[in-house]
Amino acid sequence: NLGVYFAAKRNKSVLFVDLDWQGSLSENLLALSEDKILPAGRIETILKNPFPDRRANRYFEARGRLKGVQLRTNADFRDALRDSAFYLATDALADLEDWLLVKWSRLRKDIAEEELPDPDLEHTPASGDDVRFRLLRFLLSEKIQSEFDMVILDAPPRDTTAGINGLCAATHLIVPTRADLFSTNGAFKFIERVAQLKDQICPHLLMLGFVKTMVSNFENEPDAERSAREDLIQRVKNSPIARSGSQSLHPIPSHFPIGSRFDFTPALYHHANFRDAAGRTVAYVETNEIRTKIIDPIGDEITARMADAERAQHGEQKTTEPIAAE
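Notes on the structure follow. (Residues numbered from 1 in each chain as written. Predicted model: local features only at pLDDT ≥ 70, side-chain atom pairs only at ≥ 80, totals over all residues. Heavy atoms only, no water.)

## Topic: the pairing of strand β5 (residues 172-178)
Only one face of β5 is buried, namely the one carrying L173, V175 and T177, since none of H172, I174, P176 and R178 on the opposite face is buried. Pairing analysis gives 7 bridges linking β5 to strand β6 (residues 206-215), with the strands arranged parallel. Bridge pairing in β6 places L173 opposite M207. Regarding the hand of the β-α-β motif, the stretch spanning β5, helix α9 (residues 181-201) and β6 is right-handed. (Buried < 20%, exposed > 50% of the residue type's maximum accessible area, 1.4 Å probe, protein only. Helix = DSSP H or I, 4+ residues; strand = E, 2+ residues; numbered from the N terminus. Pairing = 2+ DSSP bridges. Right-handed = clockwise from strand over helix to strand, strands pointing away.)

## A look at the packing of aromatic side chains
Applying the stated criterion across every chain yields a total of 5 aromatic pairs. Here the aromatic rings of Y5 and F6 are separated by 5.0 Å at their centres, their planes lie at 75 degrees, and the arrangement is edge-to-face. Accessibility classification places Y5 together with F6 in one group, the buried group. Each residue in the set Y59, Y87 and F138 is aromatic and connected to the rest through ring pairs, giving one cluster. The ring centre of F60 lies 3.9 Å from the NZ or CZ of R63, which sits over that ring. (Phe/Tyr/Trp six-rings, centres within 6.5 Å; stacked < 30°, edge-to-face > 60°. Lys NZ or Arg CZ within 6 Å of the ring centre and 35° of its normal.)

## Quick notes on the sheet that holds β6
Here 3 strands make up an open sheet; going across it, the order is β5-β6-β7 and the pairing parallel. Because the sheet does not close on itself, it has two edges, and the strands there are β5 and β7 (268-269). Along the sheet, α9 contacts β5 and β6; its crossing angle with β5, the most-contacted strand, is approximately 160 degrees. In the packing of helix α10 (residues 223-237) onto the sheet, contacts are made with β5 and β6, and the angle to β6 comes to roughly 165 degrees. (Contact = heavy atoms within 4.5 Å. Axes fitted to C-alpha atoms, helices over the stretch in contact; angles between N-to-C directions.)

## Here's the deal with the pattern of salt bridges
Going through the model one piece at a time under the given rule, you end up with 16 salt bridges. Across the pair K212 and E221 runs a salt bridge, and its minimum N-O distance is 2.5 Å. Under the relative-accessibility criterion, K212 is labelled buried at 7%. In this structure, E221 and R229 form a salt bridge, with 2.9 Å as the shortest nitrogen-oxygen distance. A relative accessible area of 26% means that E221 is categorised as partly exposed. (Salt bridge = Lys/Arg side-chain N within 4 Å of Asp/Glu carboxyl O.)

## What to know about α9
Between its first and last C-alpha, α9 extends 29 Å over 21 residues, near the 30 Å set by a 1.5 Å rise per residue. Here α9 has its buried residues at T184, A187, F188, F190, I191, E192, V194, A195, L197, K198 and I201. In this structure D180 caps α9, since a side-chain oxygen of it lies 3.2 Å from the backbone nitrogen of F182. (Expected span 1.5 Å × (residues − 1). Polar contact = N/O pair within 3.5 Å; in protein donor to acceptor, adjacent residues only side chain to side chain.)

So, to be careful, I would describe these as geometric facts and stop short of saying anything about function.
Here it is, written out as structure tokens:
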């Protein structure tokens, strides 16, 4: 839904990349695809190749192509996805991730012990390959950079091979979480983990905030949801680990430093149209209510935060205020 927002309202050509073997994003996009996806149009093919950027033209041609979709009930947006495309994930990704991790870990162990690498391995450090950066290499290829304005990465909240590739490739991070203590506890642990990895493998990753999902009420925030939201913000603010990734970055005046935007964007309400669209279409293109009351406010806030971060990195003063109150 966020990707369609950027394509429709912001007139961006969007590349969708599914990095979760459960394939929820893939199922939705397959319902909107023009043709059958070739094997090279799957994320596992790209991750398996030590140098996917060298085969970027081949992989680009095999991508999933999306149909031009006119947004229902709104004639201003026509063919919202005509310039967008995707790479899907299947359950084969799970086995590949394990295989890649074992191969890479074994190679690193051999090097640490000053042994010769296994000749059967596909890559060596001398070749310049690092399995964690394969997706980044591909996305930085000239073909992808020239064809797309934005990439939406759907990554799992786990340290999988594909998930790590997502963190290494991303410029901005948005964390969805339900507003209950179990879910926010998991979100907090994930952010601490990202902060630990930030200096090592993803120094340019900027945290744009949390999106509160499946909220039950448009008008009034229930006490339990408010308590869970406030608890998460406070835990992150009080955590030296969670805040550690922002120490060397320019601050946004009167807000958390870039890398530590831990407040919430507008919430994603639990709406029957999301349920009904799942696996069949994208709710954003179906109803004006989803578009204007739910996704557009989230997209507008994310766009503003991205612009604020860009200005702050260049030492400019912040000019917009976040919609969500802390």
